[in-house]
Number of protein chains: 2
Amino acid sequence: MRVLGVDPGLTRCGVGVVEGGPGRAPRLVAVGVITTPSDLELPQRLLRIEAGLTQWVDEHAPDVVAVERVFADQNVLSVIGTAQAAGLAMLVAARAGLPVHTHTPTEVKAAITGSGRADKAQVGAMVARLLRLEAAPKPADAADAVALAICHLWRGAANDRIAAAVARQGRASA
Amino acid sequence: MRVLGVDPGLTRCGVGVVEGGPGRAPRLVAVGVITTPSDLELPQRLLRIEAGLTQWVDEHAPDVVAVERVFADQNVLSVIGTAQAAGLAMLVAARAGLPVHTHTPTEVKAAITGSGRADKAQVGAMVARLLRLEAAPKPADAADAVALAICHLWRGAANDRIAAAVARQGRASA
(Lines give C-alpha, C1' and ligand atoms only; values in the text may rest on other atoms or scores of the structure.)
Protein backbone atom coordinates (compact mmCIF):
# COMPACT_ATOMS: atom_id res chain seq x y z
CA MET A 1 0.00 0.00 0.00
CA ARG A 2 1.21 3.45 -0.94
CA VAL A 3 0.07 6.38 1.19
CA LEU A 4 0.32 10.09 0.41
CA GLY A 5 0.43 12.03 3.68
CA VAL A 6 -0.48 15.72 3.63
CA ASP A 7 0.32 18.15 6.43
CA PRO A 8 -1.95 20.98 5.25
CA GLY A 9 -0.86 24.61 5.26
CA LEU A 10 -0.99 27.65 3.02
CA THR A 11 2.63 28.74 3.41
CA ARG A 12 4.13 25.25 3.62
CA CYS A 13 2.03 22.20 2.79
CA GLY A 14 4.04 19.08 3.64
CA VAL A 15 3.70 16.04 1.37
CA GLY A 16 5.20 12.60 1.78
CA VAL A 17 4.68 9.27 0.04
CA VAL A 18 5.40 6.08 1.96
CA GLU A 19 4.98 2.47 0.89
CA GLY A 20 4.47 -0.45 3.19
CA GLY A 21 2.54 -3.56 4.02
CA PRO A 22 2.11 -6.24 6.65
CA GLY A 23 5.51 -7.39 7.93
CA ARG A 24 7.42 -4.95 5.72
CA ALA A 25 9.34 -1.90 6.90
CA PRO A 26 7.88 1.32 5.52
CA ARG A 27 9.82 2.77 2.60
CA LEU A 28 10.03 6.46 1.71
CA VAL A 29 9.06 7.07 -1.91
CA ALA A 30 9.15 10.86 -2.00
CA VAL A 31 8.91 13.81 0.35
CA GLY A 32 8.61 17.53 -0.17
CA VAL A 33 6.71 20.68 0.55
CA ILE A 34 4.38 22.80 -1.56
CA THR A 35 4.98 26.45 -0.74
CA THR A 36 3.10 29.62 -1.62
CA PRO A 37 4.27 33.15 -0.85
CA SER A 38 2.25 34.84 1.89
CA ASP A 39 2.00 38.05 -0.15
CA LEU A 40 0.19 36.26 -2.97
CA GLU A 41 -3.60 36.67 -2.98
CA LEU A 42 -5.43 33.81 -1.28
CA PRO A 43 -7.30 32.55 -4.38
CA GLN A 44 -3.98 32.24 -6.25
CA ARG A 45 -2.38 30.46 -3.30
CA LEU A 46 -5.23 27.94 -3.24
CA LEU A 47 -4.86 27.40 -6.97
CA ARG A 48 -1.13 26.67 -6.57
CA ILE A 49 -1.68 24.28 -3.68
CA GLU A 50 -4.33 22.43 -5.67
CA ALA A 51 -1.99 22.18 -8.67
CA GLY A 52 0.88 20.98 -6.48
CA LEU A 53 -1.22 18.32 -4.76
CA THR A 54 -2.65 17.14 -8.07
CA GLN A 55 0.90 16.75 -9.39
CA TRP A 56 1.90 14.66 -6.34
CA VAL A 57 -1.11 12.39 -6.82
CA ASP A 58 -0.48 12.03 -10.56
CA GLU A 59 3.23 11.38 -10.14
CA HIS A 60 3.15 8.95 -7.23
CA ALA A 61 -0.21 7.20 -7.72
CA PRO A 62 -0.98 6.62 -4.02
CA ASP A 63 -3.67 4.11 -2.98
CA VAL A 64 -4.95 6.37 -0.23
CA VAL A 65 -4.48 9.93 1.01
CA ALA A 66 -4.01 10.70 4.72
CA VAL A 67 -4.61 14.30 5.78
CA GLU A 68 -3.86 15.79 9.16
CA ARG A 69 -7.16 16.58 10.83
CA VAL A 70 -7.58 20.29 11.42
CA PHE A 71 -7.99 20.65 15.11
CA ALA A 72 -10.11 23.19 16.81
CA ASP A 73 -8.07 24.26 19.82
CA GLN A 74 -5.71 26.60 18.01
CA ASN A 75 -5.76 30.18 16.75
CA VAL A 76 -8.92 30.60 14.67
CA LEU A 77 -7.21 32.60 11.92
CA SER A 78 -4.63 29.88 11.39
CA VAL A 79 -7.42 27.26 11.51
CA ILE A 80 -9.04 28.94 8.49
CA GLY A 81 -5.96 28.64 6.26
CA THR A 82 -5.17 25.12 7.45
CA ALA A 83 -8.78 24.05 6.86
CA GLN A 84 -8.69 25.45 3.33
CA ALA A 85 -5.47 23.61 2.48
CA ALA A 86 -6.86 20.39 4.04
CA GLY A 87 -10.05 20.86 2.02
CA LEU A 88 -8.00 21.00 -1.17
CA ALA A 89 -6.15 17.81 -0.25
CA MET A 90 -9.51 16.05 0.23
CA LEU A 91 -10.85 17.54 -2.99
CA VAL A 92 -7.86 16.42 -5.05
CA ALA A 93 -8.01 12.92 -3.53
CA ALA A 94 -11.75 12.59 -4.13
CA ARG A 95 -11.36 13.77 -7.71
CA ALA A 96 -8.77 11.04 -8.27
CA GLY A 97 -11.17 8.49 -6.76
CA LEU A 98 -8.89 7.88 -3.76
CA PRO A 99 -10.07 7.21 -0.22
CA VAL A 100 -9.16 9.93 2.29
CA HIS A 101 -8.52 9.42 5.98
CA THR A 102 -7.70 11.97 8.64
CA HIS A 103 -5.56 11.56 11.74
CA THR A 104 -5.05 14.08 14.51
CA PRO A 105 -1.55 15.36 15.33
CA THR A 106 -1.78 13.51 18.67
CA GLU A 107 -2.61 10.24 16.94
CA VAL A 108 0.33 10.69 14.58
CA LYS A 109 2.79 11.48 17.38
CA ALA A 110 1.54 8.55 19.45
CA ALA A 111 1.80 6.16 16.49
CA ILE A 112 5.34 7.24 15.58
CA THR A 113 6.96 7.91 18.95
CA GLY A 114 4.71 6.20 21.48
CA SER A 115 3.83 9.55 23.02
CA GLY A 116 1.04 11.89 21.93
CA ARG A 117 3.03 14.78 23.34
CA ALA A 118 6.27 14.21 21.43
CA ASP A 119 7.90 17.34 19.98
CA LYS A 120 8.81 17.92 16.35
CA ALA A 121 12.42 16.83 16.89
CA GLN A 122 11.34 13.47 18.34
CA VAL A 123 8.90 12.87 15.50
CA GLY A 124 11.58 13.76 12.94
CA ALA A 125 14.15 11.46 14.61
CA MET A 126 11.72 8.52 14.67
CA VAL A 127 10.73 9.12 11.04
CA ALA A 128 14.41 9.02 10.08
CA ARG A 129 14.98 5.83 12.08
CA LEU A 130 11.86 4.05 10.75
CA LEU A 131 12.73 4.86 7.15
CA ARG A 132 16.47 4.31 7.64
CA LEU A 133 17.30 7.88 6.58
CA GLU A 134 20.44 9.69 7.69
CA ALA A 135 18.39 12.65 8.91
CA ALA A 136 14.78 13.70 9.27
CA PRO A 137 13.18 15.18 6.14
CA LYS A 138 13.25 18.99 6.21
CA PRO A 139 11.32 21.23 6.81
CA ALA A 140 9.28 19.94 9.75
CA ASP A 141 6.11 20.05 7.61
CA ALA A 142 7.67 17.50 5.25
CA ALA A 143 8.64 15.22 8.16
CA ASP A 144 5.11 15.60 9.58
CA ALA A 145 3.59 14.54 6.27
CA VAL A 146 5.78 11.42 6.22
CA ALA A 147 4.87 10.67 9.85
CA LEU A 148 1.21 10.97 8.93
CA ALA A 149 1.64 8.53 6.05
CA ILE A 150 3.41 5.99 8.33
CA CYS A 151 0.71 6.47 10.98
CA HIS A 152 -1.90 5.73 8.36
CA LEU A 153 -0.07 2.62 7.14
CA TRP A 154 -0.06 1.25 10.67
CA ARG A 155 -3.50 2.38 11.78
CA GLY A 156 -4.98 1.38 8.44
CA ALA A 157 -3.54 -2.11 8.76
CA ALA A 158 -4.73 -2.36 12.38
CA ASN A 159 -8.18 -1.07 11.47
CA ASP A 160 -8.42 -3.52 8.59
CA ARG A 161 -7.51 -6.39 10.97
CA ILE A 162 -10.13 -5.22 13.48
CA ALA A 163 -12.77 -4.82 10.78
CA ALA A 164 -11.95 -8.29 9.45
CA ALA A 165 -12.19 -9.79 12.96
CA VAL A 166 -15.53 -8.07 13.54
CA ALA A 167 -16.79 -9.34 10.21
CA ARG A 168 -15.66 -12.91 11.07
CA GLN A 169 -17.32 -12.64 14.48
CA GLY A 170 -20.50 -11.43 12.80
CA ARG A 171 -20.52 -14.39 10.43
CA ALA A 172 -19.72 -16.85 13.25
CA SER A 173 -22.62 -15.66 15.43
CA ALA A 174 -25.11 -15.34 12.55
CA MET B 1 -20.94 44.39 -14.24
CA ARG B 2 -22.12 40.94 -13.27
CA VAL B 3 -21.32 39.66 -9.79
CA LEU B 4 -21.58 36.10 -8.47
CA GLY B 5 -22.11 36.23 -4.71
CA VAL B 6 -21.29 33.13 -2.67
CA ASP B 7 -22.45 32.55 0.89
CA PRO B 8 -20.16 29.62 1.68
CA GLY B 9 -21.37 26.54 3.52
CA LEU B 10 -21.08 22.77 3.30
CA THR B 11 -24.74 21.94 3.83
CA ARG B 12 -26.15 24.94 1.97
CA CYS B 13 -23.90 27.13 -0.14
CA GLY B 14 -25.89 30.15 -1.32
CA VAL B 15 -25.21 31.50 -4.82
CA GLY B 16 -26.66 34.58 -6.49
CA VAL B 17 -25.86 36.46 -9.69
CA VAL B 18 -26.69 40.17 -9.89
CA GLU B 19 -26.06 42.63 -12.68
CA GLY B 20 -25.71 46.37 -12.28
CA GLY B 21 -23.77 49.47 -13.05
CA PRO B 22 -23.55 53.16 -12.21
CA GLY B 23 -27.02 54.72 -12.13
CA ARG B 24 -28.76 51.40 -12.85
CA ALA B 25 -30.89 49.43 -10.43
CA PRO B 26 -29.38 45.99 -9.73
CA ARG B 27 -31.04 43.14 -11.59
CA LEU B 28 -31.28 39.55 -10.37
CA VAL B 29 -29.93 37.13 -12.97
CA ALA B 30 -30.13 33.87 -10.99
CA VAL B 31 -30.22 32.67 -7.43
CA GLY B 32 -29.99 29.27 -5.82
CA VAL B 33 -28.28 27.06 -3.34
CA ILE B 34 -25.79 24.21 -3.71
CA THR B 35 -26.58 21.56 -1.12
CA THR B 36 -24.73 18.49 0.06
CA PRO B 37 -26.07 15.87 2.48
CA SER B 38 -24.42 15.99 5.90
CA ASP B 39 -24.07 12.20 5.96
CA LEU B 40 -21.89 12.24 2.82
CA GLU B 41 -18.15 12.02 3.42
CA LEU B 42 -16.41 15.39 3.50
CA PRO B 43 -14.19 14.85 0.41
CA GLN B 44 -17.30 14.00 -1.65
CA ARG B 45 -19.13 17.04 -0.31
CA LEU B 46 -16.23 19.28 -1.31
CA LEU B 47 -16.19 17.72 -4.78
CA ARG B 48 -19.92 18.42 -5.22
CA ILE B 49 -19.59 22.01 -4.05
CA GLU B 50 -16.70 22.58 -6.42
CA ALA B 51 -18.70 21.10 -9.31
CA GLY B 52 -21.74 23.20 -8.42
CA LEU B 53 -19.76 26.43 -8.20
CA THR B 54 -17.96 25.68 -11.46
CA GLN B 55 -21.33 25.19 -13.13
CA TRP B 56 -22.58 28.56 -11.82
CA VAL B 57 -19.46 30.31 -13.13
CA ASP B 58 -19.70 28.58 -16.52
CA GLU B 59 -23.41 29.24 -16.91
CA HIS B 60 -23.57 32.86 -15.78
CA ALA B 61 -20.14 34.18 -16.78
CA PRO B 62 -19.72 36.67 -13.92
CA ASP B 63 -17.08 39.44 -14.12
CA VAL B 64 -16.18 39.06 -10.47
CA VAL B 65 -16.89 36.71 -7.56
CA ALA B 66 -17.76 38.04 -4.10
CA VAL B 67 -17.37 35.61 -1.20
CA GLU B 68 -18.52 36.15 2.35
CA ARG B 69 -15.44 36.50 4.52
CA VAL B 70 -15.20 33.70 7.06
CA PHE B 71 -15.16 35.40 10.39
CA ALA B 72 -13.32 34.24 13.39
CA ASP B 73 -15.68 34.89 16.29
CA GLN B 74 -17.91 31.89 15.78
CA ASN B 75 -17.85 28.22 16.64
CA VAL B 76 -14.48 26.81 15.47
CA LEU B 77 -15.98 23.60 14.08
CA SER B 78 -18.41 25.52 11.91
CA VAL B 79 -15.57 27.86 10.87
CA ILE B 80 -13.69 24.87 9.42
CA GLY B 81 -16.52 23.83 7.09
CA THR B 82 -17.31 27.41 6.08
CA ALA B 83 -13.63 28.11 5.40
CA GLN B 84 -13.39 25.02 3.19
CA ALA B 85 -16.45 26.01 1.14
CA ALA B 86 -15.13 29.61 0.87
CA GLY B 87 -11.76 28.23 -0.25
CA LEU B 88 -13.47 26.31 -3.05
CA ALA B 89 -15.31 29.44 -4.20
CA MET B 90 -11.97 31.28 -4.40
CA LEU B 91 -10.35 28.32 -6.16
CA VAL B 92 -13.07 28.08 -8.78
CA ALA B 93 -12.99 31.85 -9.38
CA ALA B 94 -9.19 31.94 -9.67
CA ARG B 95 -9.22 28.98 -12.05
CA ALA B 96 -11.66 30.91 -14.28
CA GLY B 97 -9.37 33.95 -14.13
CA LEU B 98 -11.94 36.01 -12.19
CA PRO B 99 -11.10 38.52 -9.47
CA VAL B 100 -12.36 37.56 -6.01
CA HIS B 101 -13.37 39.95 -3.25
CA THR B 102 -14.54 39.20 0.25
CA HIS B 103 -16.98 41.15 2.41
CA THR B 104 -17.86 40.51 6.02
CA PRO B 105 -21.46 39.76 7.04
CA THR B 106 -21.53 43.11 8.84
CA GLU B 107 -20.42 44.97 5.72
CA VAL B 108 -23.11 43.23 3.69
CA LYS B 109 -25.86 43.99 6.19
CA ALA B 110 -24.77 47.62 6.47
CA ALA B 111 -24.64 48.03 2.69
CA ILE B 112 -28.08 46.50 2.14
CA THR B 113 -30.09 47.71 5.14
CA GLY B 114 -28.05 50.60 6.57
CA SER B 115 -27.44 48.61 9.77
CA GLY B 116 -24.63 46.15 10.40
CA ARG B 117 -26.84 44.42 12.95
CA ALA B 118 -29.85 43.77 10.69
CA ASP B 119 -31.41 40.31 11.00
CA LYS B 120 -31.93 37.82 8.18
CA ALA B 121 -35.56 38.92 7.66
CA GLN B 122 -34.54 42.56 7.18
CA VAL B 123 -31.77 41.61 4.73
CA GLY B 124 -34.21 39.40 2.80
CA ALA B 125 -36.86 42.15 2.69
CA MET B 126 -34.37 44.75 1.40
CA VAL B 127 -33.00 42.30 -1.20
CA ALA B 128 -36.58 41.76 -2.45
CA ARG B 129 -37.26 45.51 -2.56
CA LEU B 130 -33.97 46.40 -4.30
CA LEU B 131 -34.46 43.74 -6.96
CA ARG B 132 -38.24 44.36 -7.23
CA LEU B 133 -39.05 40.76 -6.28
CA GLU B 134 -42.34 39.74 -4.69
CA ALA B 135 -40.51 37.94 -1.89
CA ALA B 136 -36.99 37.37 -0.64
CA PRO B 137 -35.10 34.49 -2.29
CA LYS B 138 -35.29 31.32 -0.19
CA PRO B 139 -33.53 29.82 1.71
CA ALA B 140 -31.77 32.56 3.69
CA ASP B 141 -28.39 31.41 2.30
CA ALA B 142 -29.62 32.24 -1.22
CA ALA B 143 -30.82 35.69 -0.10
CA ASP B 144 -27.48 36.25 1.65
CA ALA B 145 -25.57 35.41 -1.52
CA VAL B 146 -27.66 37.94 -3.47
CA ALA B 147 -27.14 40.55 -0.74
CA LEU B 148 -23.39 39.93 -0.97
CA ALA B 149 -23.45 40.42 -4.75
CA ILE B 150 -25.36 43.72 -4.39
CA CYS B 151 -22.99 44.83 -1.64
CA HIS B 152 -20.08 44.13 -3.96
CA LEU B 153 -21.68 46.03 -6.85
CA TRP B 154 -22.03 49.08 -4.63
CA ARG B 155 -18.77 48.85 -2.73
CA GLY B 156 -16.91 47.95 -5.91
CA ALA B 157 -18.28 51.00 -7.69
CA ALA B 158 -17.48 53.22 -4.70
CA ASN B 159 -13.99 51.76 -4.39
CA ASP B 160 -13.40 52.26 -8.10
CA ARG B 161 -14.48 55.93 -7.79
CA ILE B 162 -12.17 56.43 -4.81
CA ALA B 163 -9.28 54.71 -6.57
CA ALA B 164 -9.88 56.84 -9.66
CA ALA B 165 -10.00 60.03 -7.55
CA VAL B 166 -6.77 59.05 -5.79
CA ALA B 167 -5.14 58.36 -9.15
CA ARG B 168 -6.29 61.77 -10.49
CA GLN B 169 -5.03 63.47 -7.34
CA GLY B 170 -1.70 61.68 -7.75
CA ARG B 171 -1.39 62.87 -11.34
CA ALA B 172 -2.44 66.44 -10.39
CA SER B 173 0.17 66.72 -7.64
CA ALA B 174 2.91 64.99 -9.63
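- If you look chain A up in an unreviewed UniProt entry, it shows as Crossover junction endodeoxyribonuclease RuvC from Propionicimonas paludicola.
- In UniProt, chain A has this text filed under Subcellular location (unreviewed entry): "Cytoplasm".
- Recorded under Subunit (unreviewed entry), the UniProt text for chain A is reproduced unchanged: "Homodimer which binds Holliday junction (HJ) DNA. The HJ becomes 2-fold symmetrical on binding to RuvC with unstacked arms; it has a different conformation from HJ DNA in complex with RuvA. In the full resolvosome a probable DNA-RuvA(4)-RuvB(12)-RuvC(2) complex forms which resolves the HJ."

**Overview of the sheet that holds strand 1 (residues 2–7) of chain B**
All names here are of chain B.
Argument step 1. Here we have 5 strands laid out as an open sheet, ordered 3-2-1-4-5, and mixed in their pairing. Two strands close off the open sheet at either side, each with one partner strand: strand 3 (24–35) and strand 5 (100–103). Across the sheet, the mean angle separating the axes of adjacent strands is 25° when strand polarity is ignored.
Argument step 2. In this sheet, strand 2 (residues 12–21) lies alongside strand 1 in antiparallel orientation, the contact comprising 6 bridges. Paired with Val6 across the two strands is Val15, which belongs to strand 2.
Argument step 3. Strands strand 1, strand 2 and strand 3 of the sheet are contacted by helix 1 (residues 42–60), whose axis makes an angle of about 150° with strand 3.

**A short note on the nonpolar core**
Argument step 1. Counting 58 residues, the largest nonpolar core has Leu53 of chain A together with Leu53 of chain B as the members making the most contacts within it.
Argument step 2. Excluding residues within four positions of it along the chain, Leu53 of chain B makes contact with Val6, Cys13, Val15, Ile34, Leu88, Ala89 and Val92 of chain B.
Argument step 3. Formed by 18 residues, the second largest nonpolar core is a distinct cluster that contains Val18, Ile112, Ala118 and Ala149 of chain B.

**Points about helix 3 (residues 105–113) of chain A**
All names here are of chain A.
Argument step 1. Residues of helix 3 that are buried include every one of Pro105, Val108 and Ile112, and no others. Taken down its axis, helix 3 places every buried residue within 60° of arc, on the same side.
Argument step 2. Of the residues trailing helix 3, Gly114 is marked for its positive phi of about 90°.

**So, the interface of chain A and chain B**
Argument step 1. Each partner contributes to the interface: chain A provides 21 residues, whereas chain B provides 21 residues.
Argument step 2. Our count for the contact surface shared by chain A and chain B stands at 2 salt bridges.
Argument step 3. Its salt-bridge partner being Glu50 of chain A, residue Arg95 of chain B comes within 2.6 Å of it at the nearest N-O pair.
Argument step 4. Across the contact surface, chain A and chain B share 4 residue pairs in polar contact (both at pLDDT 80 or more).
Argument step 5. Of all the secondary-structure elements, those providing two or more residues to the side of chain A that touches chain B are helix 1 (42–60) and helix 2 (76–95) of chain A.
Argument step 6. A total of 12 residues in the side of chain A that touches chain B trace back to one element, the largest contributor, which is helix 2 of chain A.

Reading the values: the criteria
Residues numbered from 1 in each chain as written. Chains lettered and ligands numbered in written order. Predicted model: local features only at pLDDT ≥ 70, side-chain atom pairs only at ≥ 80, totals over all residues. Heavy atoms only, no water. UniProt positions renumbered as here; feature names shortened; annotations may be inferred. Pairing = 2+ DSSP bridges. Helix = DSSP H or I, 4+ residues; strand = E, 2+ residues; numbered from the N terminus. Axes fitted to C-alpha atoms, helices over the stretch in contact; angles between N-to-C directions. Contact = heavy atoms within 4.5 Å. Core = buried A, V, L, I, M, F, W, Y, C linked by side-chain atoms within 4.5 Å. Buried < 20%, exposed > 50% of the residue type's maximum accessible area, 1.4 Å probe, protein only. Arc of directions from axis to C-beta. Salt bridge = Lys/Arg side-chain N within 4 Å of Asp/Glu carboxyl O. Polar contact = N/O pair within 3.5 Å; in protein donor to acceptor, adjacent residues only side chain to side chain.

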